[in-house]
Amino acid sequence: MRLLPWTGTGGQPCYVLGDGTGQVSRMADDVECVQLGMADELLGHAADLLSDGGEATGPQIRFLAGRLTESLQQVVRVAVSRGSRLDALLPDRPEPRAGEGERGEDVP
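Since we're looking at a predicted model, the values are computed, not measured.

> Before we move on, can you summarise the environment of Ala-56 with the specific residues and values?
Checked against the element boundaries, Ala-56 lands in the loop between helix H1 (23–50) and helix H2 (58–89). Residue classification places Ala-56 among the partly exposed residues on the basis of a relative accessible area of 23%. Not counting residues up to four positions away in its chain, the partners in contact with Ala-56 are Leu-49 and Ile-61.

Next up, the structure:
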């Protein structure tokens, strides 16, 4: 089962069953590529806006934060989907090191 890079009604996750060669899987690959490319471009815009010597306005920063949040949600979804597929392909892959949480943060 593959987590798709879009959600269904009410924000519910969407999945596709198959071997990864079907039309929906190819469309998902294309959407992931677009999402990752847009995230990269957004990072460039953020760097430009934040490096202009403090000239960015509050509304500009809030707008940027909103778009970065949306983009990060998409990138995390792509990472989760790809990680799940790796787990299926490499069942003997080592588990995360002890002391690390799901997102890599240290767990006390």
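> How would you sum up the side chain of Ser-71? Please name residues and give values.
Tracing the backbone shows Ser-71 in helix H2. Owing to a relative accessible area of 10%, Ser-71 belongs among the buried residues under this scheme. Those residues in contact with Ser-71 that sit more than four places away from it in its chain are Ala-39 and Leu-42.

> How would you explain the pairing of strand E2 (residues 13–16) if you had to name every residue and give the values?
Every second residue of E2 is oriented toward a common face, the buried set being Cys-14 and Val-16 and the non-buried set Pro-13 and Tyr-15. Relative to E2, strand E1 (residues 2–7) runs antiparallel, the two being bridged by 3 bridges. Within E2, the position partnered with Arg-2 by the bridge is Val-16. Hairpin connection, E1 to E2: the antiparallel pair is bridged by 5 residues, and Gly-10 has positive phi, about 70 degrees.

> Break down H2 for me, citing the residues and quoting the values.
Its 32 residues give H2 an end-to-end C-alpha distance of 46 Å, which sits within 8% of 46 Å, the value for a rise of 1.5 Å per residue. For H2, the complete set of buried residues consists of Leu-64, Ser-71, Arg-77, Val-78 and Ser-81. Buried residues along H2 sit in contact with E1, E2 and H1.

> I'd like a description of a nonpolar patch on the surface, backed by residues and values.
A grouping of Met-1, Tyr-15 and Leu-17 is seen on the molecular surface, where their side chains present a nonpolar patch of about 420 Å² in accessible area. Among the secondary structure elements, Tyr-15 is positioned in strand E2. Residue Tyr-15 is classed as partly exposed on the basis of its relative accessible area of 46%.

> Any chance you could break down the layout of surface pockets for me, citing the residues and the numbers?
A water-sized probe, rolled over the atoms, reveals where empty space remains. If you add up the space inside the second largest pocket, you get close to 260 Å³. Elements represented by at least two residues in the lining of the second largest pocket include exactly H1 and H2. Considering every element that reaches the lining of the second largest pocket, the biggest residue donor is H2, with 6 residues. Residues that form the lining of the second largest pocket fall into these classes: 6 nonpolar, 4 polar and 5 charged.

> Pulling in residues and values, what's your account of the packing of H1 against H2?
Two elements in contact, H1 and H2, have axes whose closest approach is 9 Å; the angle formed by their N-to-C orientations is 145 degrees. When you trace H1 past H2, the crossing you get is left-handed. From H1, Asp-29, Glu-32, Gln-35, Leu-36, Ala-39, Leu-42, Leu-43, Ala-46, Leu-49 and Leu-50 reach across to H2, where they touch Gln-60, Ile-61, Leu-64, Arg-67, Leu-68, Ser-71, Gln-74, Val-75, Val-78, Ser-81, Arg-82 and Arg-85.

Rules behind the numbers
- Residues numbered from 1 in each chain as written.
- Predicted model: local features only at pLDDT ≥ 70, side-chain atom pairs only at ≥ 80, totals over all residues.
- Heavy atoms only, no water.
- Helix = DSSP H or I, 4+ residues; strand = E, 2+ residues; numbered from the N terminus.
- Buried < 20%, exposed > 50% of the residue type's maximum accessible area, 1.4 Å probe, protein only.
- Contact = heavy atoms within 4.5 Å.
- Pairing = 2+ DSSP bridges.
- Expected span 1.5 Å × (residues − 1).
- Patch = residues over 30% accessible without salt bridge, like charges linked within 9 Å, V, L, I, M, F, W, Y side chains within 5 Å.
- Areas by Shrake-Rupley, 256 points an atom, 1.4 Å probe, with all protein chains shown as cover.
- Salt bridge = Lys/Arg side-chain N within 4 Å of Asp/Glu carboxyl O.
- 1 Å grid on protein atoms, 1.4 Å probe; cavity = no way out; pocket = protein on both sides within 12 Å on 5 of 7 lines; lining within 4 Å.
- Points joined across faces, edges and corners; volume = space filled by probe spheres on them.
- Nonpolar A, V, L, I, M, F, W, Y, C, P; charged D, E, K, R; others polar.
- Axes fitted to C-alpha atoms, helices over the stretch in contact; angles between N-to-C directions.
- Left-handed = near helix turned anticlockwise from the far one by under 90°.

Take it as geometry only, folks, not as evidence of what the structure does.
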